[in-house]
Structure formats: C-alpha cells, structure tokens
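Chain and residue survey
Here are the chains, one letter per residue:
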Amino acid sequence: MPSNESVKSGLAVAEDKSKVLGLTVGKHTVEPGLYIPRAEAQSAPELIFEGADPAATYLIMGVDIDAPFVTLPVLGPILHWIQPGLKAEIKDGKSVLTAKEPFVSDYIGPAPPPGSGPHRYCFFLYEQPAGFDGKAHAPADGAKMSNWSRMRFRLDDWEKKAGLGKIIAANYYTSN
C-alpha cells in the first residue's frame with residue numbers, strides 16, 4: 001500500500017467527536033465504523049457538516065483503505081469519490097453540503113471481493129482552496145474515472161497537487 005499519512009490523520013480526526021463528518025448512507029446515519037451492507041451503500045452519501053462556514057467551499061474525498069483484503073491491502077487505497085464545490089445549505093435544521101460543481105471522480109459504492117471481510121470506506125472533508133479547478137484534475141469531458149486509475153491512490157500526493165490543507169472533518173463506515 002502506498003504511504004498515506006493523510007489516511008492515518010483522517011482516521012484520527014474521526015476519533016474526535018467534534019470533527020466527525022455527518023454521513024447519511026441510504027437509511028443509515030453513520031457513526032464511525034458502522035457496518036452497512038454493500039447493497040445499501042451504492043449511492044453517494046448525504047454530507048452534513050455542522051461546523052460549515054456558509055461562505056466557504058468544501059471538497060470531499062472517499063477512499064477504501066482495505067483493498068483487496070483487509071489483511072493484504074496491496075491495491076489500496078482505492079479512490080471512491082472526489083467531489084469539489086460543496087456549499088452549506090440549511091435543510092431541516094442541518095448544515096447539508098450540496099455540490100455546486102461537477103465531480104472530479106464519480107462516486108462508486110463498495111465492492112470488496114468475496115471473502116475479504118469488511119472494508120473501511122473513509123470520507124475526508126477539506127476546505128477547498130481558492131482557485132481550485134476541478135476540471136484540471138478530472139478525466140476529460142466529464143468522463144468517469146477508470147477503475148485502474150482509482151487503485152493504489154496516493155492521497156498524500158493528490159492533496160499536495162490540489163493544494164489542499166488539513167482534513168477538517170472525517171467519518172467512515174465498513175461494508176462487504
């Protein structure tokens with residue numbers, strides 16, 4: 001597995017209850033580590049960030065850190081989502097993050113191989129830097145990212161290339 005210090009720091013952020021990113025996956029309100037059957041996690045989660053600044057723009061990244069097997073994560077992390085242009089909107093008294101820009105990498109749901117055990121699907125929230133251009137990081141013409149391009153995703157390198165700061169909120173669920 002490539003070195004990903006950001007994965008470690010993101011998991012540490014999720015341990016701080018004040019920095020847990022609100023995730024609703026299907027009918028599930030996610031507390032860190034909650035198990036969700038794969039069939040119920042195929043749509044992108046709703047994101048709730050109570051600490052959101054209405055003037056700020058955010059970016060979410062989702063990665064599977066346990067691919068292909070928890071005990072042998074040689075293909076991980078696998079990128080599952082990069083969505084820039086998130087803005088806070090108040091819905092039902094919650095600060096919901098809604099996308100105002102096209103994805104960099106479309107959302108794909110869990111799909112671990114049979115017998116691999118539950119994988120951790122981590123979601124890391126960043127404040128999007130001014131001048132960030134998602135099109136410069138996305139496949140041409142709004143195409144979906146290939147599975148091959150998602151494997152062994154180097155989160156640390158991508159953060160630097162995109163000019164991202166520290167992870168400001170995080171959460172994860174498990175699925176298989």
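This is a predicted model, so every value here is computed, not measured.

Here is what the cut-offs are and how they apply
Residues numbered from 1 in each chain as written. Predicted model: local features only at pLDDT ≥ 70, side-chain atom pairs only at ≥ 80, totals over all residues. Heavy atoms only, no water. Helix = DSSP H or I, 4+ residues; strand = E, 2+ residues; numbered from the N terminus. Rg over C-alpha atoms; globule rule 2.2 N^0.38 Å. Buried < 20%, exposed > 50% of the residue type's maximum accessible area, 1.4 Å probe, protein only. Contact = heavy atoms within 4.5 Å. Areas by Shrake-Rupley, 256 points an atom, 1.4 Å probe, with all protein chains shown as cover. Lys, Arg positive; Asp, Glu negative; His and termini not counted. Charge placed at Lys NZ, Arg CZ, Asp CG, Glu CD. Pairing = 2+ DSSP bridges. Core = buried A, V, L, I, M, F, W, Y, C linked by side-chain atoms within 4.5 Å. Polar contact = N/O pair within 3.5 Å; in protein donor to acceptor, adjacent residues only side chain to side chain. Salt bridge = Lys/Arg side-chain N within 4 Å of Asp/Glu carboxyl O.

1. Side note on the overall build of the protein
Of regular secondary structure, the protein possesses 3 helices and 9 strands. Reading the helices (α) and strands (β) of the protein from amino to carboxyl end gives α-β-β-β-β-β-β-β-β-α-α-β. Computed over the C-alpha atoms, the radius of gyration of the protein is 15 Å, within 12% of the 16 Å expected from 2.2 N^0.38 for a compact globule of 176 residues. For the protein, the C-alpha atoms occupy an extent of roughly 45 × 35 × 30 Å along the three principal directions. A total of 176 residues make up the protein; the buried ones form 47% of that total. Pairs at least 24 residues apart make up 76% of the contacts formed inside the protein by residues separated by at least 6 positions. When the accessible surface of the protein is summed, it comes to about 8,700 Å², and 55% of that surface belongs to carbon and sulfur atoms. Distance between charge centroids for the protein: 3 Å, based on 18 positive and 20 negative side chains.

2. Details of the sheet that holds strand 2 (residues 28-29)
Across the sheet, 9 strands lie side by side as 2-1-4-7-6-5-8-9-3; this open sheet has mixed pairing. Because the sheet does not close on itself, it has two edges, and the strands there are strand 2 and strand 3 (34-35). Pairing between strand 3 and strand 9 (residues 169-175): 2 bridges, direction parallel. Counted as the bridge partner of Tyr35 is Thr174 from strand 9.

3. A look at the pairing of strand 9
Counting buried residues in strand 9 gives 6 out of 7 residues, a clear majority hidden from the surface. Here strand 8 (residues 119-127) runs beside strand 9; their pairing, made up of 7 bridges, is antiparallel. Bridged to Phe123 within strand 9 is Asn171.

4. Some remarks on the nonpolar core
The biggest cluster of nonpolar side chains holds 23 residues, and the ones touching the most others in it are Leu59, Met61, Ile82, Phe124, Tyr126, Phe153 and Trp158. Listed by contribution, the elements that provide at least two residues to this core are helix 1 (5-15), strand 5 (58-64), strand 6 (78-91), strand 8 and helix 3 (155-162). Tallying contributions element by element places helix 1 first for this core, with 4 residues. Excluding residues that lie within four positions of it along the chain, Leu59 makes contacts with Ile82, Gln83, Pro84, Leu86, Phe124, Leu125, Tyr126, Gln128, Phe132, Trp158 and Leu164.

5. A word on the environment of Tyr58
Looking at the secondary structure, you find Tyr58 in strand 5. Judged by relative accessible area, Tyr58 falls into the buried class, the value being 2%. When the C-alpha positions of Tyr58 and Tyr121 are compared, they lie 19 Å apart, and in sequence the two are 63 residues distant. Among the polar contacts made by the side chain of Tyr58, one reaches the main-chain amide nitrogen of Asp53 at a distance of 2.8 Å.

6. Notes on unusual backbone geometry
For the peptide bond that leads from Ala67 to Pro68, omega is -5°, which places it in the cis range. You can see Pro68 is positioned in the loop between strand 5 and strand 6. A cis geometry characterises the amide bond from Gly76 onward to Pro77, with omega recorded as -10°. Along the chain, Pro77 falls in the loop between strand 5 and strand 6. Although it is not a glycine, Asp141 sits at a positive phi angle of roughly 60°.

7. Notes on the pattern of salt bridges
Summed over all chains, the structure comprises 5 salt bridges. The partner of Glu5 in a salt bridge is Lys8, and the shortest N-O contact between them spans 3.3 Å. Highlighted residues: Glu5 and Lys8, both in helix 1, separated by 3 residues, approximately one helical turn. For Glu5, a relative accessible area of 45% puts it in the partly exposed group. For Lys8, a relative accessible area of 54% puts it in the exposed group.

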